Amino acid sequence: MLSLRVRLLMWLMLPLTLYIGASGWQAYRSARDTAALVQDRALLTSAQVIAGELTWVDGALRASVPPSALELFASPARDRVLYQVVTEDGQLLAGPPDFPRPPLFSGTTPAYFSVTVNGEPLRAVNYVRTMYNAGTPYQVAVVVAETMHAHDAMLSQLWEPSLHRQIAMAALAALLVLIGLTVELHPLIRLKDEVAGRAPQELVPIRAGQLQTELRPIVDAINLCIQRLSAQAQQQRRFVADAAHQLRTPLTLLDTQLQFAAQLDDRAALADVLAAMQTSSRGLADLTNKLLLLSQAEAADTPAFSRSRVDLVAVAAAVLEELVALAQRRHIDLGLETTEAHVWVEGNGELFHAMVMNLVDNAIRYIHEGGRVTVAIDSPQDMARLRVIDDGPGIQAEARQRVFERFYRNAPPGQPGTGLGLAIVKEIVAASYGTVTLASGDDGRGLMVTVTLPLAIEAERNAL
């Protein structure tokens, strides 16, 4: 994988290289045209000078080539200059006879063309002058050619310095980019070192410092993740501390009972102690299960936790079927009221089952014998609503917020329980983007627990 410096340098150099290539080509064409124009003007001037020396002598044309016609081509390149003067009937007046040339009198003048002599390219011009003899026109062609050394030297002088400057500019830009990236990435490297040098438990926000504006959202995202990890770690530490504190008492009691049972010889007394030990063991198992359920509920608000569409009516019916025997033993009227066949919510089916189980089980255990517990389900205003209503002693208004705290119990002394039921309900509801409230029951008597959850489609929108 290429480094960030190399990738950014490539993004810069690619368009810069294309620009230099296009600009260099344009500069080359301009220099080539300029060199050709200079050479063509010298050729034409030389041909005009030679043509100006044509004269009639005793009825015959004579051509002389003055030195000034050839001095025009004097240059350090030492180019060879060839010339030829030819009449329209093919008479050679001056120059070598084997000079290759196109048709001399078939086009307009001056006419420029390229020829090759002894394998060497030349640039040539054909200039036609009309001479008159006793009123009769007579055409004479003057051809002057020059090798390309001076032309090529001028082309190099005009084009190559510009190309060299552009290449130097590209190299300087690449160097400045590398230096700039090194300087600008230094705060990011310091940030990397700060994160890498932290202890595993050091979950404090990262300082942005002099980090660039474009990189600050990365720090904000990391800090948000650190904040979540810190909250999760605190939650785990609190859970471990609470679990250790709550398990210590039943374990100590169970150990005491074991020591006492080991000293007994009376079988009747031993049977009573074993029964007490069984009760302690069941209480310990119930507390352990509640702690595990609370841990599951706390982890439910994470993307890794499985979610699906759950029928709240079916969950409530299954819970009531499990608790009907307990309700019958206490002569409690247990019922389900709903006008809808299905009420779909989004979440974890097992946790929803535990939520309803805790609410209904609390209602059955804390009301008097012969009481009434009703589970009502409906979906007003595109929300799923589950209510558990009983006619028991209820909960005082000042204690309704505290009952959601872990291990807080609002029950008479000696009443069995762990103080985790409503804390579990609160965590499950919060993880499902819902709310839970407590209020008095019918006619101000008893307790009504109301759980409001988004319907399945609304829950998917909230999760996004």
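For the structure, check the block above.
Residues numbered from 1 in each chain as written. Predicted model: local features only at pLDDT ≥ 70, side-chain atom pairs only at ≥ 80, totals over all residues. Heavy atoms only, no water.

## Focus on helix 7 (residues 312–329)
And then number 1: Between its first and last C-alpha, helix 7 extends 26 Å over 18 residues, near the 26 Å set by a 1.5 Å rise per residue.
And then number 2: A bend of about 45° at L323 is the largest found in helix 7.
And then number 3: All of the buried residues in helix 7 are L312, V313, V315, A316, V319, L320, L323, L326 and A327.
And then number 4: For helix 7, the elements touching its buried residues are strand 8 (308–311), strand 9 (333–338), strand 10 (344–347), helix 8 (349–366), strand 11 (372–378) and strand 12 (383–390).
And then number 5: The positive-phi residue at the C-terminal boundary of helix 7 is H331, with phi of around 55°. (Helix = DSSP H or I, 4+ residues; strand = E, 2+ residues; numbered from the N terminus. Expected span 1.5 Å × (residues − 1). Bend = angle between axes of the 7 residues up to and from the residue. Buried < 20%, exposed > 50% of the residue type's maximum accessible area, 1.4 Å probe, protein only. Contact = heavy atoms within 4.5 Å.)

## Observations concerning the pairing of strand 7 (residues 136–147)
And then number 1: Pairing of strand 3 (residues 81–87) with strand 7 involves seven bridges; the strand directions are antiparallel. Within strand 7, the residue paired with V81 across the bridge is E146.
And then number 2: Bridge count between strand 6 (residues 120–133) and strand 7: 12 bridges; the pairing is antiparallel. For M131, the partnering residue across the bridge sits in strand 7 and is Y138. (Pairing = 2+ DSSP bridges.)

## Considering the pattern of salt bridges
And then number 1: Under the defined criterion, the tally for this structure stands at five salt bridges.
And then number 2: As a salt-bridge pair, R123 and D40 come within 2.9 Å of each other at their nearest N and O atoms. Placement of R123 in strand 6 and of D40 in helix 1 (residues 4–52) is noted, with a sequence separation of 83 residues between them.
And then number 3: Among the salt bridges present, the one from R385 reaches D378, with a minimum N-O distance of 2.6 Å. (Salt bridge = Lys/Arg side-chain N within 4 Å of Asp/Glu carboxyl O.)

## Topic: the sheet that holds strand 6
And then number 1: The strand order across the open sheet built from five strands is 4-3-7-6-5, with neighbouring strands paired in antiparallel fashion. If you trace the sheet from one side to the other, it starts and ends with strand 4 (92–94) and strand 5 (111–117), each paired once. Strand-to-strand twist in this sheet, taken as the mean axis angle between neighbours without regard to direction, amounts to 30°.
And then number 2: Sheet contacts for helix 1: strand 3, strand 5, strand 6 and strand 7; angle to strand 6, the most-contacted strand, approximately 35°. (Axes fitted to C-alpha atoms, helices over the stretch in contact; angles between N-to-C directions.)

## With respect to a nonpolar patch on the surface
And then number 1: A contiguous nonpolar patch, built from L172, L175, L176, I179 and V183 and spanning about 470 Å² of accessible area, is present on the exposed surface.
And then number 2: Here L172 shows up in helix 3 (residues 149–184). (Patch = residues over 30% accessible without salt bridge, like charges linked within 9 Å, V, L, I, M, F, W, Y side chains within 5 Å. Areas by Shrake-Rupley, 256 points an atom, 1.4 Å probe, with all protein chains shown as cover.)

## Remarks on the packing of aromatic side chains
And then number 1: Taken as a whole and judged by the stated rule, the model has three aromatic pairs.
And then number 2: Ring centres of Y28 and W159 lie 5.1 Å apart, and the angle between their planes is 75°; on these two criteria the pair is classed as edge-to-face. Taken together, the positions of Y28 in helix 1 and W159 in helix 3 put the pair 131 residues apart, joining distant regions of the chain.
And then number 3: Classification of W159 by relative accessible area gives partly exposed; the value is 22%. (Phe/Tyr/Trp six-rings, centres within 6.5 Å; stacked < 30°, edge-to-face > 60°.)

## Overview of the sheet that holds strand 11
And then number 1: One open sheet accounts for five strands, arranged 9-11-12-14-13; its pairing is mixed. Unpaired on one side and paired on the other, strand 9 and strand 13 (435–440) mark the two borders of the sheet. The sheet shows a mean angle of 15° between the axes of neighbouring strands, direction not considered.
And then number 2: The pairing of strand 13 with strand 14 (residues 447–454) spans six bridges and is classified as antiparallel. Looking at the pairing, T435 lines up with T452 of strand 14.
And then number 3: Its contacts with the sheet place helix 7 against strand 9, strand 11 and strand 12, and it is angled at close to 170° to strand 9.
And then number 4: Lying over the sheet, helix 8 contacts strand 9, strand 11, strand 12 and strand 14, oriented at roughly 25° with respect to strand 12.

## Concerning the packing of helix 7 against helix 8
And then number 1: For the pair helix 7 and helix 8, interaxial distance at closest approach is 9 Å and the crossing angle is 30°. The hand of the helix 7/helix 8 crossing is right-handed. Contacts between helix 7 and helix 8 involve V315, A316, V319, L320, E322, L323, L326 and A327 from the former and F352, H353, V356, M357, V360, D361, I364 and R365 from the latter.
And then number 2: Considered class by class, the residues forming the contact of helix 7 with helix 8 number 12 nonpolar, one polar and three charged. (Left-handed = near helix turned anticlockwise from the far one by under 90°. Nonpolar A, V, L, I, M, F, W, Y, C, P; charged D, E, K, R; others polar.)

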